[in-house]
Amino acid sequence: AQKITQTQPGMFVQEKEAVTLDCTYDTSDPSYGLFWYKQPSSGEMIFLIYQGSYDQQNATEGRYSLNFQKARKSANLVISASQLGDSAMYFCAMRSPGGGTSYGKLTFGQGTILTVHP
Amino acid sequence: GAVVSQHPSWVICKSGTSVKIECRSLDFQATTMFWYRQFPKQSLMLMATSNEGSKATYEQGVEKDKFLINHASLTLSTLTVTSAHPEDSSFYICSPRGGYTFGSGTRLTVV
């Protein structure tokens, strides 16, 4: 079974500073995908960044980067130069491996509420 | 690409009535659609998986007779909450295979 753990219920950061949101995972599958999403108060799920288990380099997307440490089974999200609009809930998720109808199923962490202060 | 349109965005219904939620894939064919439920201040939990042309598969603890899922075409998957009760009040959101896109979600309130 797959498990995702986010141990930070809430995080605070000053505008323009960087912040790291923690995520650890557990799986016995050698092939998996890790996602980070932003969920503002409207409820929509916004895809931020993806890391494949076989990717050699850490994923980056603009101000978002994923600190992937495979041996430690961690996939922390780093947001650089925080903006007020970054205030939201953030979820880490793992995608089930390929093959069969369960491919694409996501298992989510508990989420972290990020608040950016001016 | 991969746009999913979900309707309605929010709905209030009386206890005992049924509510249908639709997810349409606008620019691609979705053979599989995952339906998630999110209670306030909680994470998303997979409820069921709909597959075009075959029966849906439900996660443990989800009543298949209460949450009817239909995937009649490659562009439409529906979730019907039957005989809704206040404890069914939640945020329901769909997502096709892949994990990169979601519907906009439906906030259901049962009174």
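The rules behind the values
- Residues numbered from 1 in each chain as written.
- Chains lettered and ligands numbered in written order.
- Predicted model: local features only at pLDDT ≥ 70, side-chain atom pairs only at ≥ 80, totals over all residues.
- Heavy atoms only, no water.
- Helix = DSSP H or I, 4+ residues; strand = E, 2+ residues; numbered from the N terminus.
- Rg over C-alpha atoms; globule rule 2.2 N^0.38 Å.
- Contact = heavy atoms within 4.5 Å.
- Areas by Shrake-Rupley, 256 points an atom, 1.4 Å probe, with all protein chains shown as cover.
- Lys, Arg positive; Asp, Glu negative; His and termini not counted.
- Charge placed at Lys NZ, Arg CZ, Asp CG, Glu CD.
- Buried area = accessible area lost by both parts, 1.4 Å probe.
- Salt bridge = Lys/Arg side-chain N within 4 Å of Asp/Glu carboxyl O.
- Polar contact = N/O pair within 3.5 Å; in protein donor to acceptor, adjacent residues only side chain to side chain.
- Nonpolar A, V, L, I, M, F, W, Y, C, P; charged D, E, K, R; others polar.
- Pairing = 2+ DSSP bridges.
- Axes fitted to C-alpha atoms, helices over the stretch in contact; angles between N-to-C directions.
- Disulfide = S-S within 2.5 Å.
- Buried < 20%, exposed > 50% of the residue type's maximum accessible area, 1.4 Å probe, protein only.

## Here's the deal with the overall build of chain A
Moving on, step 1. Each helix and strand counted, chain A has zero helices and twelve strands in total.
Moving on, step 2. Reading the secondary structure of chain A in the N-to-C direction produces β-β-β-β-β-β-β-β-β-β-β-β.
Moving on, step 3. Its C-alpha atoms give chain A a radius of gyration of 14 Å, near enough to 13 Å, the size a compact globule of 118 residues would have.
Moving on, step 4. Expressed as lengths along the three principal axes of its C-alpha atoms, the size of chain A is roughly 45 × 30 × 25 Å.
Moving on, step 5. Pairs at least 24 apart in sequence give 56% of the contacts found in chain A among residues at least 6 apart.
Moving on, step 6. Accessible surface for chain A amounts to roughly 5,600 Å². Of this, 50% is attributable to carbon and sulfur atoms.
Moving on, step 7. Charged side chains in chain A number 9 positive and 9 negative. The centres of these two groups are separated by 5 Å.

## Things to note about the interface of chain A and chain B
Moving on, step 1. The interface of chain A with chain B comprises 22 residues on the first partner and 19 residues on the second.
Moving on, step 2. Across the chain A/chain B interface, buried area totals approximately 1,600 Å², and carbon plus sulfur atoms make up 58% of it.
Moving on, step 3. Between the two partners, chain A and chain B, sit one salt bridge.
Moving on, step 4. With a closest N to O distance of 3.5 Å, A:K105 and B:E59 form a salt bridge.
Moving on, step 5. At the surface where chain A touches chain B, the tally comes to six residue pairs in polar contact (both at pLDDT 80 or more).
Moving on, step 6. Only β5 (33–39), β6 (46–52), β10 (88–95) and β11 (106–108) of chain A provide two or more residues apiece to the side of chain A that touches chain B.
Moving on, step 7. Top contributing element to the side of chain A that touches chain B by residue count: β5(A), with three residues.
Moving on, step 8. Of the residues assigned to the side of chain A that touches chain B, the class counts are nine nonpolar, ten polar and three charged.

## Considerations on the sheet that holds strand β3 (residues 19–25) of chain B
Residue and element names in this part refer to chain B.
Moving on, step 1. Here four strands make up an open sheet; going across it, the order is β1-β3-β8-β7 and the pairing antiparallel. In this open sheet, the two strands that pair with only one neighbour each are β1 (4–7) and β7 (67–73). Neighbour to neighbour, the strand axes of the sheet diverge by 15° on average, direction disregarded.
Moving on, step 2. By the bridge criterion, six bridges tie β3 to strand β8 (residues 76–81) in an arrangement that is antiparallel. Along β8, the bridge assignment pairs C23 with S77.

## Side note on the state of the cysteines
Moving on, step 1. Counted under the stated rule, the structure contains two disulfides over all chains.
Moving on, step 2. Between the sulfur atoms of A:C23 and its disulfide partner A:C92 the distance amounts to 2.0 Å. When the S-S torsion is -65°, as for the bridge of A:C23 with A:C92, the disulfide is left-handed. With A:C23 in the loop between β3 (19–21) and β4 (24–26) and A:C92 in strand β10, this pair connects stretches of sequence that are 69 residues apart. In terms of burial, A:C23 and A:C92 fall into one category: buried.
Moving on, step 3. With its sulfur 1.8 Å from that of its partner, B:C23 forms a disulfide with B:C94. When the S-S torsion is -95°, as for the bridge of B:C23 with B:C94, the disulfide is left-handed. In this pair, B:C23 is assigned in strand β3 and B:C94 in strand β9 (residues 90–96), connecting sequence segments 71 residues apart. Exposure class is identical for B:C23 and B:C94. Each is buried.

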